[in-house]
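What follows is each chain in one-letter form.
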Amino acid sequence: MHFAITTSPTSSAVFIASSGARFSSSLLPKPSLSAASLPSFRSLTTSPAFRFVSRRCRGVDRRSPATLRAQIGTGAPVVQQFQRKIASMASENPFKGIFTTLPRPGGGEFGKFYSLPALNDPRIDKLPYSIKILLESAIRNCDNFQVTPNDVEKIIDWENTSPKQVEIPFKPARVLLQDFTGVPAVVDLACMRDAMNKLGGDSKKINPLVPVDLVIDHSVQVDVARSANAVQANMDLEFQRNNERFAFLKWGSHAFDNMLVVPPGSGIVHQVNLEYLGRVVFNTDGILYPDSVVGTDSHTTMIDGLGVAGWGVGGIEAEATMLGQPMSMVLPGVVGFKLSGKLQNGVTATDLVLTVTQMLRKHGVVGKFVEFFGEGMSELSLADRATIANMSPEYGATMGFFPVDHITLQYLKLTGRSDDTVAMIEAYLRANNMFVDYNEPQPEKVYSSYLQLNLDDVEPCISGPKRPHDRVPIKDMKADWHSCLDNKVGFKGFAVPKEAQEKVVSFPFHGQTAELKHGSVVIAAITSCTNTSNPSVMLGAGLVAKKACELGLEVKPWVKTSLAPGSGVVTKYLLQSGLQKYLDQQGFNIVGYGCTTCIGNSGDLDESVAAAISDNDIVAAAVLSGNRNFEGRVHPLTRANYLASPPLVVAYALAGTVDIDFEKEPIGTTKDGKSVYFKDVWPSTEEIAEVVQSSVLPDMFKSTYEAITQGNPMWNKLSVPSSSLYSWDPNSTYIHDPPYFKDMTMDPPGSHGVKDAYCLLNFGDSITTDHISPAGSIHKDSPTAKYLLDRGVDRKDFNSYGSRRGNDEVMARGTFANIRIVNKLLNGEVGPKTVHIPTGDKLSVFDVAMRYKEAGQDTIVLAGAEYGSGSSRDWAAKGPMLLGVKAVIAKSFERIHRSNLVGMGIIPLCFKAGEDADTLGLTGHERFTIDLPSKASDIKPGQDVTVTTDNGKSFTCTIRFDTQVELTYFDHGGILQYVIRNLIKK
């Protein structure tokens, strides 16, 4: 392998390597290597096409994301020493024989690369394209230490090894953050620097060693809607609330090398990633390799639609990746999903993704890759593919991958990537047999299992009212709604008595009489990364609004309507098409560029609407073009939440209710009394295609992203200190020095069991990270509210939990604070409380947890299936750890959340198949003991452990430390403690 580091005055760099030790078979000590001898850090000085320039230098070329890469300023002698070390390591790569040149047509070369065909191994030809990306990474990073030839062989032999759950290392090319997860990540990095100082280490070793992009998109709320100045008004409020957070992130972009912060108002992280940040192929100092990314948002998978391997990880795992740790992962199975046919007229990409989500949920793809192929691929635009890839978390897969083909290349050109860059991408992928050319015979790929969908069979649909995979065909919606009213409380039930189902509530609304009933739409939001990056559905929404305006229909003024584009490009093509004015007339004014309603930042409802809902126990509805609709997430007062395409959001807003049969009932009447039906406002596929063709232009992407980091006046005015260590303000309610490393020593604490622990909470199935650590509003009667009020914060300035994730005091109090959480210890009562078992007192979860901690008593959590599903939220693990939770015993875990628990030192355990707390007769009033060996080396991944209770019950669980590396983290008390100790030792 070839490495080089440029040491010119304008591009000096130093990389302090973490040990990154992998434990492939045991926890025995590894041979000691000097930090500079490790081969895990590629040069971050690149070819002219991808040259990293200091973010401290404000007069930079802003044409591509790579020109914004940080210049790492430290002493050149250290750089030269590191360069010599790396150069000596290049010859040690066991696969140096396949390191070859990629010629440029017309002469010269694009660069050098590791050639998979040069291995002459027929097994590689049959590998799924997604697995080939893992293989290339392992070969390129093979150093006989972090990555070994045995790891490479495991991947080559994927067909035989993947069913065995073998462990492999993976080193992503970059890391992606958004601000809700980015703030705690930067807090952790700042805290780790302090810990390094305290333990006698070099704090400058805490620096990202791979490119890190942080897009601020989760903070804007829909405070102002239905107004021409909504964008500026909401941004003003966003900065008022988040000034301290934003200044902290701006400090981080200066204090930490190789970190790009994209300011507020630029767009949604995943759309920015798709349209701008995604490289597809890196060219780092003349070395070519596939782009790959892990992100602290579960919908990082959207980039899979571009042929870039990417998925969500926990914040703590991302931080370790930044610091040079290889990710340890189980080599996944790959589900081959064959697409055929063509979508029918009027069917949208959203209808398709909701159908795919339901199919894959039923098939079972947790922990697996899904790879799409077949002749139907030619009928899907890149934006349609990205929509499907985006919802991978909702169908449970690690990735929903679309290999690169001609449609990918066309999109890259459309979005402003240079012709030379696109030519390099195509040449590299063809040379490595990673490009799909449907004009040529397709090599047969082997998959773990297969699914097939004829696109002709997809029909218009929505999903809800409480889960993304509960798909409902539009034609069945009215009947499904009435069954939900009848059904007992659950994912498909509200238990509304028959006699109350038809009640109508009248109330005054700004001088006119308004009406609400069960199913009335009170929020209609075009929002979310899933759909706002797709021109066909966004322009389709505009066409619905246009037809409605021409027929004289208007959305009722008490429906809170909003439009939050994923990037400035959307605004440009809505204006170019002339459709934005019709959306404005229907109340869908642009409110900001961020996640808004999809993440729970929907803002307050009008007081009169809120009172009508609360006082009359109305089951009100929200319809949004989002990806998550868990109860309590979108808005506290919308118990029914439906995911729909942007044009359907407009249609339901016009109808004013989800209690409607679009085929038989009118959505409104014209001014002369004629009924208007759904079919009258619904555009044809051809109409949409014509508008897309004439309105979506390459210059829109170029002009939007040329100045993406120039920010706005409010961002540019933020003043930040230049120190490399952060000065913590003890009075801050946004940024607080966390306690993770307060009592840390150089000696790992070792393995620990759990003795006589009380059950803090006893849950059923599908407890999401929104239940565990809500991102939305802070309830006025919560422990968090009391904490903030005691510190002089007015209720109007509470902001959201998501915005306060930089303060552990807030987040600990916000753990298990979701107002819709169901805890079996409360015997049917819904809400964020629990029972203190010794006294029987019913208090907030935080207050009970503090009682246990003060008494020195451990706690555990009992749960059902899919514990921790939803967003990749590291606070859903950090919070329980701060509350004193030592173990979670569940039927099954969501992938990222289980990893987060491990990273925070919490023991994840699974009941045996067919068993759970109920079948075992556990009430949660018992005391639990989990015996583990005192040495982590005596524990095996996935081994059985015995849990006993104080009333004589005993049952067996599977310990969900899935790899030896995870056991190492447990031995150290957590992944970050492990990283710090190894950085200091080296």
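Everything numeric in this text was worked out from a predicted model, so none of it was measured.

*Asks:* Where do I start with the sheet that holds strand S10 (residues 309–312) in this structure?
*Replies:* Within a sheet, each strand pairs with its neighbour through backbone hydrogen bonds, oriented either parallel or antiparallel. Sheet architecture is open: five strands sit in the order S6-S5-S4-S9-S10, paired in parallel fashion. Looking along the sheet, the strands with just one partner apiece sit at the ends: strand S6 (259–262) and S10. On average, each strand axis in the sheet is inclined to that of its neighbour by 20°, with strand direction left out of account. Where strand S4 (residues 174–178) lies against strand S9 (residues 292–295), three bridges are found, and the strand directions are parallel. Its bridge partner lying in S9, Val175 is registered against Val294.

*Asks:* I'm lost on the nonpolar core in this one. Help?
*Replies:* Nonpolar side chains in soluble globular proteins tend to end up buried together. Among the nonpolar cores identified, the biggest contains 287 residues, and Trp311 and Tyr867 are the most heavily contacted of them. If you tally residues by element for this core, the top one is helix H6 (residues 179–198), at eleven residues. The next biggest cluster of nonpolar side chains, apart from the first, holds 26 residues, and it includes Ala757, Leu922, Ile930 and Phe961.

*Asks:* Just to check I follow, could you spell out the environment of Ser608 for this structure?
*Replies:* Tracing the sequence through the fold places Ser608 in helix H20 (residues 607–616). Spatially, the C-alpha atom of Ser608 lies 9.1 Å from that of Trp558, the residues being 50 residues apart in sequence. Apart from residues lying up to four places away in sequence, Ser608 is in contact with Phe507, Pro508 and Phe509. Within the structure, the side chain of Ser608 is placed 2.6 Å from the side chain of Asp606, a separation counted as a polar contact.

*Asks:* Sorry if this is basic, but what is going on with unusual backbone geometry here?
*Replies:* Among all residues save glycine, negative phi is the norm, and among peptide bonds the norm is trans. Gly464 connects to Pro465 through a cis peptide bond whose omega is 10°. One can find Pro465 in the loop between strand S16 (461–463) and strand S17 (471–473). Even without being glycine, Val280 reaches a positive phi, approximately 70°. By secondary structure assignment, the location of Val280 is in the loop between helix H8 (269–277) and strand S7 (281–284). If you check the backbone angles, Ser766 has positive phi at about 55° while not being a glycine. If you trace the backbone, Ser766 turns up in the loop between strand S26 (754–762) and helix H26 (769–772).

*Asks:* Looking at this model, I keep getting lost on the environment of His469. Mind explaining?
*Replies:* On the secondary structure map, His469 appears in the loop between S16 and S17. Between the alpha carbons of His469 and Ser937 there is a distance of 41 Å; along the sequence they are 468 residues apart. Sequence-distant contacts of His469, defined by excluding residues within four places in its chain, comprise Thr357, Gln358, Arg361 and Glu394.

*Asks:* Just checking my understanding: could you explain the confidence of the model for the protein for this structure?
*Replies:* Atomic detail in the predicted coordinates should be set aside for any region of low pLDDT. Here the protein shows a mean pLDDT of 89. Residues at 70 or above account for 91%. Between residues 69–91, whose pLDDT stays under 50, and residues either more than four places distant or in other chains, the model counts 60 contacts.

Cut-offs applied
Residues numbered from 1 in each chain as written. Predicted model: local features only at pLDDT ≥ 70, side-chain atom pairs only at ≥ 80, totals over all residues. Heavy atoms only, no water. Pairing = 2+ DSSP bridges. Helix = DSSP H or I, 4+ residues; strand = E, 2+ residues; numbered from the N terminus. Axes fitted to C-alpha atoms, helices over the stretch in contact; angles between N-to-C directions. Core = buried A, V, L, I, M, F, W, Y, C linked by side-chain atoms within 4.5 Å. Buried < 20%, exposed > 50% of the residue type's maximum accessible area, 1.4 Å probe, protein only. Contact = heavy atoms within 4.5 Å. Polar contact = N/O pair within 3.5 Å; in protein donor to acceptor, adjacent residues only side chain to side chain. pLDDT = per-residue confidence, 0-100.

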